[in-house]
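Residue-level structure breakdown
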Amino acid sequence: MAKAEKAAPKSRAMSLHIGLNAVNPKHYGGWSGPLAACEFDANDMETIAKAQGMATKKLLTKAGTRKAALAGIRAAAKSLKKGDLFFLTYSGHGGQVADASDDEPDKQDETWCLYDGQLIDDELYFELSKFAAGVRVLVLSDSCHSGTVTRARIEPPPPGVRVKLMPPDVALRVYEQHQKFYDALQREIAAATGKAPLADPDAVLATLSLQSGRVQAIARKFKAAVILISGCQDNQVALDGDHNGAFTGQLRRIWNNGKFKGNHPQFHAQIVAGMPASQTPNLFLLGPAGAFAARRPFSV
């Protein structure tokens, strides 16, 4: 009798959930950025991850430092192999710093406002590029973060609501106070990655319909299959709430405790359909993400 075939190793999944209801004013020019729902968002995303069998880690407000966030992402990149899943969520303010590496058409780099400093989009994409081939990475960002390659004037939010946007005057003040640090970070990453730009979701989205060679070249820089869903367009603001941000709350309704059975584009479309007109989430696919996109969200 022939020996039984060796069973394929079971896929592993890790998740990291970051939610900040405030930042340290010491690092933000006296601004504390109070929000209400971001810790709830992180808790609820962790609940989804645990229900799917993922090994989870959570960073809430004061624990949501640059060092802790980067350590969490790097630990996953080091540990996960082909077929595994990394699920990363962020809920908090989005900000900007001046682009020191000349890779942004608007001369601004978008950021996540972590407790003791900003995580620049270049840094995030660089860390994602370190994941092994065949790893699936899903990133959900409930923040004011860029939606397309062309930045537009931010539309004012509805009256009486909290938004997840570091005010532009604060962003400028913070950058001026810490310019040496942020410029050095950007140049460091540019030197590590060479002259070719990193896969920027903005550029991918802006030219995706053209199916250009440039898009293919950018996507090939990611060995892992990466899906990013952002909370709003570049000229919109992500709304905070009392229990969830608008994006996370709608995502939870569509997920419906696991009753949702569609794929990632269908998931995104149904989230968009239930959002207020002032906030439209975006979907980005980076690297060889076609097969990943066709799967049910959060599937290990």
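Here goes a summary of the coordinates provided. (Residues numbered from 1 in each chain as written. Predicted model: local features only at pLDDT ≥ 70, side-chain atom pairs only at ≥ 80, totals over all residues. Heavy atoms only, no water.)

Take the sheet that holds strand β2 (residues 55-60) next. Judged by pairing direction, the sheet is mixed, and its 6 strands sit side by side in the order β2-β1-β3-β7-β8-β9 without closing on themselves. Either end of the sheet is taken by a strand with one partner, and the two such strands are β2 and β9 (282-286). Adjacent strand axes in the sheet meet at a mean angle of 10°, parallel and antiparallel pairs treated alike. Of the pairings in the sheet, the one linking strand β1 (residues 13-19) to strand β3 (residues 85-91) comprises 7 bridges and is parallel in character. (Pairing = 2+ DSSP bridges. Helix = DSSP H or I, 4+ residues; strand = E, 2+ residues; numbered from the N terminus. Axes fitted to C-alpha atoms, helices over the stretch in contact; angles between N-to-C directions.)

What follows deals with the sheet that holds strand β5 (residues 108-114). Taken in spatial order, the 3 strands make up an open sheet running β4-β5-β6, and their pairing is antiparallel. The outermost strands of the open sheet, each flanked by one partner alone, are β4 (94-98) and β6 (117-120). This sheet shows a mean twist of 45° between the axes of neighbouring strands, independent of strand direction. Bridge analysis of β5 against β6 gives 4 bridges, and the strand direction is antiparallel. Bridge pairing in β6 places Cys113 opposite Gln118.

All chains considered together, the criterion is met by 8 salt bridges. One salt bridge connects Glu46 with Lys58, and the closest N-O pair in it is separated by 2.9 Å. Separated by 12 residues along the polypeptide, Glu46 in helix α1 (residues 38-51) and Lys58 in strand β2 bring together distant segments of the chain. Between Lys130 and Glu127 there is a salt bridge whose closest N-O contact spans 3.5 Å. Note on Lys130: relative accessible area 39%, which makes it partly exposed. Salt bridges linked by common partners bring Asp41, Asp142 and Lys164 together as one network. (Salt bridge = Lys/Arg side-chain N within 4 Å of Asp/Glu carboxyl O. Buried < 20%, exposed > 50% of the residue type's maximum accessible area, 1.4 Å probe, protein only.)

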